[in-house]
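Structure assessment
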Amino acid sequence: MWTEEAAATAEARESGIRNKSSSSSQIPVVGVVTEDNEAQGVFKPMDLNRVIKLLEETDKDGLEEKQLKFVKKLVQCFQNGLPLRDLAQIFKILNLCAGKIKNQPRFVESAYDIIKLCSLPFLKKKVSDEITYAEDTANSIALLGDLMKIPSSELRIQICKCIVDFYHAEPPKKHIPGYQQASSSYKIQMAEVGGLAKTMVQSITLLEHQLVEKLWVLKVLQHLSTSEGNCTIMMKAQAASGICTHLNDPDPSGQLLFRSSEILWNLLEKSSKEEVIQQLSNLECLLALKEVFTNLFMRGFSHYDRQLRNDILVITTIIAQNPEAPMIECGFTKDLILFATFNEVKSQNLLVKGLKLSNSYEDFELKKLLFNVIVILCKDLPTVQLLIDGKVILALFTYVKKPEKQKIMGWSAAQHEELQLHAIATLSSVAPLLIEEYMSCQGNARVLAFLEWCESEDPFFSHGNSFHGTGGRGNKFAQMRYSLRLLRAMVYLEDETVNTDLCEKGTIQQMIGIFKNIISKPNEKEEAIVLEIQSDILLILSGLCENHIQRKEISGTEGVDIVLHVMKTDPRKLQSGLGYNLLLFSTLDSIWCCILGCYPSEDYFLEREGIFLLLDVLALNQKKFCNLILGIMVEFCDNPKTAAHVNAWQGKKDQTAASLLIKLWRKEEKELGVKRDKNGKIIDTKKPLFTSFQEEHKIIPLPANCPSIAVMDVSENIRAKIYAILGKLDFENLPGLSAEDFVTLCIIHRYLDFKIGEIWNEIYEEIKLEKLRPVTIDKKALEAITTASENVGKMVASLQSEIIESQARQDVQNEQKVYAKIQATHKQRELANKSWENFLARTSNAKTLKKAKRLQEKAIEASRYHKRPQNAVFHGTDIKGLNTTVPSGGVVTVESTPARLVGGPLADTDIALKKLPIRGGALQRVKAVEIVDAPKKSIPTKP
């Protein structure tokens, strides 16, 4: 603690006068520094508690001068920075000075000087000081906001400058030994913790007519709003509405509008967007925004004004997303529609008289923003009449045409292309709301003509620079994509006038032609865009052909061909994420809407193996497709030719369609939590179809027009569809089923009986819950129905048991057959081994060989026929001199030309040198042979 004498010593040093008259008995105070240390920049000693005590005194004469003098010393003492440990005391002194300003105006300067010190770095002696003194620092900085209540312009401006300096920290002017500068973001963090933003927002209301101070406060809020924490605090303090209502305050410098819009931007981005929009969704704020935007639109010509105008429009667009915002009431909607269409549709309104947009980047962005705000505004149905009055449809259709060589309305080729795509996208949202205007503008004809150009080979270089132009560089895919989106939106209104007009203009044939043209020219680079185009075409065809047989006939075989083309897609592509799933869904929808119900198309679909393709997709076991495919299969089974195709299908491992359907049933029941044992047998015969959801939700009485859980279950899973398909295929003649399949088939066969019993059981339970007593006959009928349903369950369970037992017996028999086969195989191996051993014995032992030879000859002799018929010729089959026991091939030797004449049977071949003749001696070659008698041939016989 510094003493008063130390403070006096510091004062003498500051003025350059050495105090030599001090009493020799004075005790030196710890902390009094020498001139050397002072030169090094060490803080001058100051008893801050004494200064506080002095400022708290009020009754002494000449006290004000002394107080001002000590405050001045304090300011001079901390010219190089404020230590964190002294910060609380310094701000207490500042608060005391501020409290004296009302009665003692001279303290304004003192407070000003102390506040100025806050712009200096905060200094720490220890690394932990930032944490230790965090609370004191936060409270001290928060005091700056409270001081804004002092009616002093000079003081308020200095406070704002001080806070702004937090974001532009500078290093200390002198290095102070033993101290370090606090981190650059420390002041900013403490300002957020202390809630400085709240008091600064509240100070705006005190500055209604003080423009300079207001601009400084906005500058402070602009800096504070760069953090999410401060934005949240400001939002809770109603900063958005408070700032927005003052947008039109007079300001020659233009800073007020710029800083206010920047703060609103930050609030929307970094705090609760919904809450900020709610604050801005009032008449006063919207009128202010309308006036600002209109002034900038009509009178803003500089680059800065145009940028600011676009920022205000974006903020307005965000507010317009709130349906409760009074956009129509304040007249802003009408003006925005006028500004969006005045270039395309001539208007006599004074707001746009003589106005023209340039092709500058800011005006180009403005045009796109206006298109975008129309999409937002049209979601509010009362806006529809304003869109009609503003001729929005006509204005947007000026872009839906083949681009001309010359510039259109001053836009460059790239700009016009981007606006064209944006206009078509806007039409997709607006046109469905304005059907009469769409038809009066010949919308269908314009779009179809534009699509015809998109499909043509006309040279056109697309820039593809924008969001809407994605994938359209160097081609017309982007234009085709958004045009088809527009047609799809109109078709799915199910307005008969629109759809009939489209069909009369040949839309079905044109869509099929576009699809064929696309698949004939594959484009892997823009595959995702192409897939989207194909999906939209199929959806348009589905919307046009649904419930119209004549239109299905127009689609005909060509429509079936494009459907089959998609169905043949490699299943692996479904996982690519490029849009094949969506394309397949569109294809299945087009089968339902364009083929089913038209018998020629159905027959052609069957002839081209369409059912096989459907079952192939079903076998992929993807749940998202199963329900739709099974629904199509149910409808197709009404065609008598379908059953043969379904039964002929085979999947992997020779799986049949019936087996696949039963497998899907088991999977569905497993997911639904239906109780079955390990063999798939019914466990609860009273509730054989009950799911886990039905078990958890007890039966409650419902009105007659509300479906019960049991009824809703029919449509919420695929079991009913599987039952319908198998029923049409005939339960008794389903090929390729295993015993497990037959066990499940027993349940499927009785699905309808079980479901009827389940519904009657619900009725009985509801009667009990409502405490109603049916008449005797009705009660007996209910009991009989319940009992009959349970008996059916028991019968099915019994049949399942028989199938399981029969299969078990069959498995045992099959097992025995396998064992017998294995045993025979082992026995055969033993005989082969024994034969081999005998063979080895004959080749290695002469006695054994002779014995075997005798046995062989005896066996041969015993097998001969001894009684010769008359006139029979005997042919010997033994080869004399042959010393083998291996049976030789049967050979009949017929005497012919003597061997000596022909040289033996092999004399004319090279093999003769290696093999012996059948008869005769050594081989001989003769030059000529004289034929004496007719030759006799040697005829080989089968062994």
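The rules we used
- Throughout, a residue's number is its position along its own chain's written sequence, starting from 1.
- Two thresholds apply to this predicted model, a pLDDT of at least 70 for residue-level local features and 80 or more for giving and counting side-chain atom pairs, whereas whole-chain, interface and lining totals are computed over all residues.
- Only hydrogens and water are removed before side-chain values are computed, so all heavy atoms of the structure are retained for them.
- Secondary structure elements follow DSSP: runs of H or I no shorter than four residues count as helices, runs of E no shorter than two count as strands, and numbering proceeds from the N terminus.
- Two residues form a contact once any of their heavy atoms are found within 4.5 Å.
- A 1.4 Å probe and the Shrake-Rupley method give the accessible areas. Residues count as covered only by the protein chains that appear here.
- Angles here are taken between N-to-C directions and fall from 0 to 180 degrees, while the axes themselves are lines fitted to C-alpha atoms, restricted in helices to the stretch in contact.
- Roughly parallel refers to an angle under 35 degrees, roughly antiparallel to one over 145, roughly perpendicular to one between 65 and 115, and oblique to any angle outside these ranges.
- Three classes are used, and their members are as follows: Ala, Val, Leu, Ile, Met, Phe, Trp, Tyr, Cys and Pro are nonpolar, Asp, Glu, Lys and Arg are charged, and the others, Gly among them, are polar.
- The salt bridge definition used is simple: a Lys or Arg side-chain nitrogen within 4 Å of an Asp or Glu carboxyl oxygen.
- We call a residue buried when its accessible area falls under 20% of the maximum for its residue type, exposed when it is over 50%, and partly exposed in between, using a 1.4 Å probe and counting protein chains only.
- For two strands to count as paired, DSSP must find a minimum of two bridges between them.
- The handedness criterion is simple: a crossing whose near helix is rotated anticlockwise from the far helix by less than a right angle is left-handed, and one whose near helix is rotated clockwise is right-handed.
- Here, the term nonpolar core denotes a set of buried Ala, Val, Leu, Ile, Met, Phe, Trp, Tyr and Cys residues that are joined through side-chain atoms within 4.5 Å.
- In this scheme Phe, Tyr and Trp rings, the latter by its six-membered ring, pair at centre separations within 6.5 Å, and the angle between planes marks the pair as stacked below 30 degrees, edge-to-face above 60, and tilted otherwise.
- Distance and angle both matter: a charge sits over a ring if NZ of Lys or CZ of Arg is within 6 Å of the ring centre and within 35 degrees of the ring normal.
- The arc in question is formed by the directions pointing from the helix axis toward the C-beta atoms.
- pLDDT expresses how confident the predictor is about each individual residue, on a scale running from 0 to 100.
- Here a polar contact means two N or O atoms within 3.5 Å. Within protein one must be a hydrogen donor candidate and the other an acceptor candidate, and residues neighboring in sequence count only if both atoms are side-chain atoms.
- Excluding any residue in a salt bridge, patches collect residues exceeding 30% relative accessible area, merging like charges within 9 Å and nonpolar Val, Leu, Ile, Met, Phe, Trp and Tyr side chains within 5 Å.

Take the overall build of the protein next. Looking only at helices and strands, the protein has 44 helices and 5 strands in total. For the protein, long-range pairs separated by at least 24 residues make up 75% of all intrachain contacts whose partners lie at least 6 apart in sequence. In the structure as shown, the protein presents an accessible area of about 51300 Å², 54% of it carried by carbon and sulfur atoms.

The N-to-C vectors of helix 36 (residues 657-672) and helix 40 (residues 739-749) enclose an angle of 70°; their axes lie 10 Å apart at closest approach. Classed by the angle they form, the pair helix 36 and helix 40 counts as roughly perpendicular. Of helix 40, the residues touching helix 36 (which contributes S659, I662, W665 and R666) are E740, D741, T744, L745, I747 and I748. Of the residues belonging to the contact of helix 36 with helix 40, the class tally is 5 nonpolar, 2 polar and 3 charged.

To continue, consider the pattern of salt bridges. Per the counting criterion, the structure on display carries 30 salt bridges. With a shortest N-O distance of 3.0 Å, R481 and E532 are connected by a salt bridge. Taken as a pair, R481 in helix 26 (residues 477-491) and E532 in helix 29 (residues 527-545) lie far apart in primary sequence, 51 residues in all. Across the pair, E532 and R481 agree in class, each one buried. Here the salt bridges share partners, and the residues they tie into one network are E669, R676, D713, R719, K755 and E758.

Before going further, it helps to examine the sheet that holds strand 2 (residues 122-124). Pairing between sheet strands relies on hydrogen bonds along the backbone, with the strands arranged either parallel or antiparallel. Reading across the sheet, the 3 strands line up as 1-2-3 and stay open at both edges, with mixed pairing between neighbours. Whereas interior strands pair on both sides, the edge strands pair on one side only; in this sheet they are strand 1 (82-83) and strand 3 (180-181). Where strand 1 lies against strand 2, 2 bridges are found, and the strand directions are parallel. Paired with L82 across the bridge in strand 2 is F122.

Further remarks concern the packing of helix 25 (residues 443-455) against helix 28 (residues 507-520). Interhelical geometry of helix 25 versus helix 28 gives an angle of 20° and a closest axis separation of 11 Å. Relative to helix 28, the element helix 25 lies roughly parallel. Along this stretch, helix 25 crosses helix 28, giving a crossing that reads as left-handed. On helix 28, the residues that touch L448, L451, E452 and E455 of helix 25 are T507, Q510, M511, G513, I514 and N517.

Looking now at the nonpolar core. Core analysis: the largest hydrophobic core is formed by 236 residues, its most contacted members being L144, M200, L221, I591, L614 and L726. The element best represented in this core is helix 29, accounting for 10 residues. Among all residues touching M200, those that are not within four sequence positions of it are G145, M148, C160, I163, V217, V220, L221 and L224.

Turning our eyes to something else, we now look at the packing of aromatic side chains. According to the stated counting rule, one finds 16 aromatic pairs in the structure shown. Aromatic ring contacts, followed pair by pair, group F293, F297, F332, F339 and F342 into a single cluster. Lying over the aromatic face of F107, K100 brings its terminal NZ or CZ to 5.9 Å of the ring centre. Cation over ring: K476 sits above W453, and NZ or CZ is 4.6 Å from the ring centre.

All right, on to helix 3 (residues 48-56) then. For helix 3, the complete set of buried residues consists of L48, V51, I52, L54 and L55. Taken end-on, helix 3 shows its buried residues confined to a sector of 160°, consistent with a single buried face. The secondary structure elements touched by the buried residues of helix 3 are helix 4 (63-77), helix 5 (87-100) and helix 6 (107-117).

In low-pLDDT segments, the atomic positions of the prediction should not be examined closely. Predicted confidence across the protein gives a mean pLDDT of 84, with 85% of residues reaching 70 or more. Between residues 1-42, whose pLDDT stays under 50, and residues either more than four places distant or in other chains, the model counts 37 contacts. Segment residues 909-943: pLDDT under 50, and 47 contacts once partners within four positions in sequence are set aside and those in other chains are kept.

Within the secondary structure layout, K124 lies in strand 2. Looking at K124, its side chain comes within polar contact range of the side chain of E130, at 3.1 Å. When sequence neighbours within four positions are dropped, the list of residues in contact with K124 reads L84, D129, E130, G178, Y179, Q180, Q181 and A182.

Let's shift gears to a nonpolar patch on the surface. Taken together, L752, I756, W760 and I763 make up a surface patch of nonpolar side chains, about 320 Å² in accessible area. Summarising the element assignment, L752 is placed in helix 41 (residues 751-769). According to the relative accessible area criterion, L752 is partly exposed, its value standing at 42%.

Our focus in this paragraph is the side chain of Q420. Here Q420 lies in helix 23 (residues 413-430). Classification of Q420 as buried rests on a relative accessible area of 2%. The residues contacting Q420, other than those within four sequence positions of it, are Y399, K401, P403, F450 and Q479.

A few words now on the environment of V384. Within the secondary structure, V384 sits in helix 21 (residues 384-389). Judged by relative accessible area, which is 15%, V384 ranks as buried. Spatially, the C-alpha atom of V384 lies 8.8 Å from that of V430, the residues being 46 residues apart in sequence. Apart from residues no more than four positions distant in its own chain, V384 is found in contact with L433 and L434.

This part is about unusual backbone geometry. Backbone geometry at K391 places phi at a positive 55°, although glycine is not the residue there. Summarising the element assignment, K391 is placed in the loop between helix 21 and helix 22 (392-397). On the basis of relative accessibility, which here comes to 47%, the residue K391 falls in the partly exposed class. If you check the backbone angles, K653 has positive phi at about 60° while not being a glycine. Mapping K653 onto the fold places it in the loop between helix 35 (642-648) and helix 36.

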